[in-house]
Amino acid sequence: MNTWRNASLAVTAAALLTLTTACGQEQGTASPNGQAVGNAAPAQQPAESGYGSNGGGYGSGADVAAPKAAGQLAVQDSKKLGKVLTDSEGFTLYRFDKDTAKPPKSNCDGDCAKIWPVVPAGDVTAAAGTDASLLGEVVRTDGSKQLTVDGWPMYRYAKDTAPGQTNGQGVGGTWFASAPDGKKAAANADGPAVTEPADAAGLSVRKDPELGDIVVDKRGMTVYRFTQDSAWPMKTACTGDCLKKWPVVAPVSKNSVEGVTKKGFVTFDRPDGIKQQTIDCWPIYTFAGDEKPGDVNGQGVGGTWFAVSPDSKLVKTTK
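Residues numbered from 1 in each chain as written. Predicted model: local features only at pLDDT ≥ 70, side-chain atom pairs only at ≥ 80, totals over all residues. Heavy atoms only, no water.

Peer 1: I tried to follow the overall build of the protein chain on my own but got confused; where do I start?
Peer 2: Scanning the protein chain from terminus to terminus reveals 3 helices and 21 strands. Looking at the protein chain as a whole, 45% of its 319 residues are labelled buried. The long-range fraction of contacts in the protein chain, counting pairs at least 24 apart against all pairs at least 6 apart in sequence, stands at 67%. Carbon and sulfur atoms form 53% of the exposed surface of the protein chain, whose accessible area is close to 15,100 Å². (Helix = DSSP H or I, 4+ residues; strand = E, 2+ residues; numbered from the N terminus. Buried < 20%, exposed > 50% of the residue type's maximum accessible area, 1.4 Å probe, protein only. Contact = heavy atoms within 4.5 Å. Areas by Shrake-Rupley, 256 points an atom, 1.4 Å probe, with all protein chains shown as cover.)

Peer 1: Got a minute to help me understand the state of the cysteines in this structure?
Peer 2: What is meant by a disulfide is a covalent connection between two cysteines, made through their sulfur atoms. Taken as a whole, this structure holds 2 disulfides when the rule is applied. Covalently, Cys 108 is tied to Cys 112 through a disulfide, its sulfur atoms 2.0 Å apart. Torsion about the S-S bond of the Cys 108 and Cys 112 cystine: about -110°, corresponding to left-handed handedness. Each member of the pair, Cys 108 as well as Cys 112, is classed as buried. One disulfide in the model links Cys 238 with Cys 242; its S-S distance is 2.0 Å. Here the disulfide of Cys 238 and Cys 242 is left-handed, its torsion about the S-S bond being about -105°. Like Cys 242, Cys 238 is buried. (Disulfide = S-S within 2.5 Å.)

Peer 1: Explain the nonpolar core to me, please; I cannot follow it from the model alone.
Peer 2: General note: in soluble globular proteins, nonpolar side chains tend to be found buried as a group. Grouped together as the largest cluster of nonpolar side chains are 32 residues, with contacts concentrated most on Trp 116, Trp 175, Cys 238, Trp 246, Tyr 285 and Trp 305. Counting only elements with at least two residues in this core, the list comes to strand E5 (94–96), helix H2 (111–115), strand E12 (175–177), strand E15 (224–226), helix H3 (242–245) and strand E21 (305–307). Leaving out residues up to four positions away in the same chain, Trp 246 has contacts with Tyr 224, Cys 238, Tyr 285, Thr 286, Phe 287, Gly 298, Val 301 and Trp 305. (Core = buried A, V, L, I, M, F, W, Y, C linked by side-chain atoms within 4.5 Å.)

Peer 1: Sorry, what's going on with the side chain of Gln 146 here?
Peer 2: Within the secondary structure, Gln 146 is located in strand E10 (residues 145–149). Only 2.8 Å separates the side chain of Gln 146 from the backbone oxygen of Met 154, close enough to count as a polar contact. (Polar contact = N/O pair within 3.5 Å; in protein donor to acceptor, adjacent residues only side chain to side chain.)

Peer 1: I tried to follow the packing of aromatic side chains on my own but got confused; where do I start?
Peer 2: Aromatic ring pairs are reported here in terms of the distance separating the ring centres and the angle at which the planes meet. Within the structure shown, the criterion is met by 12 aromatic pairs. On the basis of an interplanar angle of 80° and a centroid distance of 5.5 Å, the ring pair of Tyr 224 and Trp 246 is categorised as edge-to-face. Of this pair, Tyr 224 sits in strand E15 while Trp 246 sits in the loop between H3 and strand E18 (267–269); the two residues are 22 residues apart in sequence, bridging distant segments of the chain. Both residues of the pair, Tyr 224 and Trp 246, belong to the buried class. Ring geometry for Tyr 224 against Phe 287: centres 6.4 Å apart, planes inclined by 80°, an arrangement best described as edge-to-face. Of this pair, Tyr 224 sits in strand E15 while Phe 287 sits in the loop between strand E20 (282–283) and E21, and the two are 63 residues apart along the sequence. (Phe/Tyr/Trp six-rings, centres within 6.5 Å; stacked < 30°, edge-to-face > 60°.)

Peer 1: I would appreciate a short explanation of unusual backbone geometry in the present structure.
Peer 2: Trans peptide bonds make up most of the peptide bonds, and negative phi angles are found at most residues other than glycine. Cis rather than trans, the peptide bond between Lys 102 and Pro 103 has omega equal to 0°. Residue Trp 232 is joined to Pro 233 through a cis peptide bond whose omega torsion reads 0°. The phi torsion at Asp 150 lies on the positive side, around 50°, for a residue other than glycine.

Peer 1: Sorry if this is basic, but what is going on with the pairing of strand E14 (residues 212–217) here?
Peer 2: The side chains of a regular strand alternate between the sheet's two faces. Here 6 bridges tie strand E13 (residues 203–208) to E14, and the two strands are oriented antiparallel to one another. Bridged to Val 205 within E14 is Val 215. What sits between E13 and E14 in their antiparallel hairpin is a turn of 3 residues. (Pairing = 2+ DSSP bridges.)

Peer 1: How should I be thinking about the side chain of Gln 299 in this particular structure?
Peer 2: Inspection of the secondary structure assignment puts Gln 299 in the loop between E20 and E21. Residue class for Gln 299 comes out buried when judged on its relative accessible area of 7%. Engagement of the side chain of Gln 299 in a polar contact is seen with the backbone oxygen of Val 315, the distance being 2.6 Å.

Peer 1: Is there a simple way to explain the pairing of strand E4 (residues 82–86) in this structure?
Peer 2: In the sheet, strand E3 (residues 74–78) pairs with E4 via 5 bridges, with the strands oriented antiparallel. Note on E4: the bridge partner recorded for Gln 76 is Val 84. Between E3 and E4, which follow one another and run antiparallel, lie 3 residues.

Structure follows, in structure tokens:
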């Protein structure tokens, strides 16, 4: 009996060791029960993100209502974003950079679709003065049909609680309000902010005069880590509005990395549906306050954000 018990304990310990070291190995994708932690920004709770029937707003109860038809679409003039497409009640419609338009395909399912409720394809009329031929539909993995505009699947945002709000704009650097033609509503959002060399590496190393060797993305923008995140279990403390200031670094091919460690070089499937690159299992970000390559304005912010060395360590030297 003791022999069997000892063998069972040994197997359990070995399994635990394998689990806790898996992220350090070179894998393609990882989602080790990632949860939002810390107090950087309020976590988005799927249970509170259903689009309710109380006058068109989002409910706060545990029950998630069925997707609500968009009805007569409308166009709202936003001082910040220009012309924005809305549903019949004035709620902003959004598009997701991880989706595709040709062919139409949605990549927001599960908890992601609770935070970003889909707009069903039925009972939709084009907004006055817009091209009705741009409206279409895509069949989702669950068999339901979702509205598309010029091929882009349409969503609402759970944190828009009143008509005219655009709280989902720029979340994660991948969610944008939709213009009437399906493009991003933000001015010049469809074009690159910085001209990128065709052969630029997805991640590489730049020598900063004060910080030394630091990791930069394809645009040459400084890459950062957040001390309130964790590598294992892989968790993020930057959610919601935090992501507007600290956009995630999108997944990068290992073949497009120069001078940066590939240890723990995995994709983090975040609870909000966004896919984020990690280095040594640490989620990495850029900073909205960096306006051009070479800027390191995010260094030391709040005593929690730091540039990253090529071996994934925090660069604690401050400006």
